[in-house]
Every structure is written in structure tokens, then in C-alpha cells.
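Spelled out, the chains give:
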Amino acid sequence: MECLHKPMEMGRIRTSIAKYDCEKIAKIRKKIELVFGRASTWDDVTISERYNITGDGDLIMIIR
């Protein structure tokens with residue numbers, strides 16, 4: 001499974017803030033709307049923790 005966020009780097013200082021792949025999050029949001037019949041109101045962090053999307057466009061729900 002591909003990670004949805006990448007660490008941001010500013011010069012030599014490494015931060016712990018994650019930069020989320022906006023395009024992938026948008027695809028996941030569209031697929032959630034298609035599958036569940038309504039848009040998700042969760043933020044990008046929650047979406048990236050609970051869902052992923054395959055290269056074929058299938059939605060993966062991560063259940064813990």
C-alpha cells in the first residue's frame with residue numbers, strides 16, 4: 001500500500017508536518033461519494049488514515 005503523505009523538508013531542518021497528496025485525496029473523496037452516496041466531511045488526515053485507493057480506482061477501507 002502506498003503512503004498518502006510525505007514529510008515536508010525546509011532546508012536542513014526536518015519537520016514532522018505531513019504534506020498530503022491532494023490529487024489522491026480528491027480521488028478517494030470522489031470514490032467515497034460514489035460508493036456511499038454522499039460526500040465525506042472528514043479532513044484529509046482522517047481520510048488518509050482510513051481509506052486508500054488502488055491503481056485501478058478501487059476504494060480500500062482500512063479497519064482497525
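Rules behind the numbers
- Residues numbered from 1 in each chain as written.
- Predicted model: local features only at pLDDT ≥ 70, side-chain atom pairs only at ≥ 80, totals over all residues.
- Heavy atoms only, no water.
- Helix = DSSP H or I, 4+ residues; strand = E, 2+ residues; numbered from the N terminus.
- Buried < 20%, exposed > 50% of the residue type's maximum accessible area, 1.4 Å probe, protein only.
- Contact = heavy atoms within 4.5 Å.
- Areas by Shrake-Rupley, 256 points an atom, 1.4 Å probe, with all protein chains shown as cover.
- pLDDT = per-residue confidence, 0-100.
- Phe/Tyr/Trp six-rings, centres within 6.5 Å; stacked < 30°, edge-to-face > 60°.
- Lys NZ or Arg CZ within 6 Å of the ring centre and 35° of its normal.
- Core = buried A, V, L, I, M, F, W, Y, C linked by side-chain atoms within 4.5 Å.
- Polar contact = N/O pair within 3.5 Å; in protein donor to acceptor, adjacent residues only side chain to side chain.
- Salt bridge = Lys/Arg side-chain N within 4 Å of Asp/Glu carboxyl O.

## Some words on the overall build of the protein
Piece 1. For the protein, the count of helices and strands is two helices and four strands.
Piece 2. Sorting the 64 residues of the protein into buried and exposed places 19% on the buried side.
Piece 3. In the protein, 29% of the contacts between residues at least 6 apart in sequence involve partners at least 24 apart.
Piece 4. A total of about 5,300 Å² of accessible surface is found on the protein, and carbon and sulfur atoms cover 53% of it.

## Some remarks on the confidence of the model for the protein
Piece 1. Per-chain confidence: the protein averages 79 in pLDDT, with 69% of residues scoring 70 or above.
Piece 2. Low pLDDT, under 50, characterises residues 12–17; the predicted model gives this stretch six contacts beyond four residues in sequence or across chains.

## A look at the packing of aromatic side chains
Piece 1. Tallied over the full model, the rule gives one aromatic pair.
Piece 2. Seen in terms of ring centroids, W42 and Y51 are 6.2 Å apart; in terms of plane orientation they differ by 40°. Their pairing is tilted.
Piece 3. Residue classification places Y51 among the buried positions, given a relative accessible area of 8%.
Piece 4. When the ring centre of W42 is taken as origin, the NZ or CZ atom of R50, which lies over that ring, is 4.9 Å away.

## Focus: the environment of Y51
Piece 1. Within the element layout of this structure, Y51 appears in strand β3 (residues 51–53).
Piece 2. For the pair Y51 and R29, spaced 22 residues apart in the sequence, the C-alpha separation amounts to 9.4 Å.

## What to know about the nonpolar core
Piece 1. Within the largest apolar cluster, six residues are counted, these being I25, I28, I32, I47, Y51 and I53.
Piece 2. Mapped by element, the contributors of at least two residues to this core are α1 (22–36) and β3.
Piece 3. The greatest single-element share of this core, amounting to three residues, is contributed by α1.
Piece 4. Setting aside chain neighbours within four positions, we find I53 in contact with K24, K27, I28, K31 and D58.

## So, the side chain of S40
Piece 1. Counting through the fold element by element, S40 comes out in the loop between α1 and α2 (44–50).
Piece 2. Looking at S40, its side chain comes within polar contact range of the main-chain nitrogen of W42, at 3.2 Å.

## Concerning the pattern of salt bridges
Piece 1. The tally for this structure, following the rule as stated, stands at two salt bridges.
Piece 2. With a shortest N-O distance of 3.6 Å, K27 and E23 are connected by a salt bridge. Taken together, the residues span about one helical turn, with K27 and E23 both in helix α1 at a distance of four residues.
Piece 3. K27 gets classed as partly exposed once you look at its relative accessible area, which sits at 46%.
Piece 4. For E23, a relative accessible area of 55% translates into the label exposed.
Piece 5. Note that R29 is salt-bridged to D44, the shortest N-O span being 3.1 Å. Of this pair, R29 sits in helix α1 while D44 sits in helix α2, and the two are 15 residues apart along the sequence.

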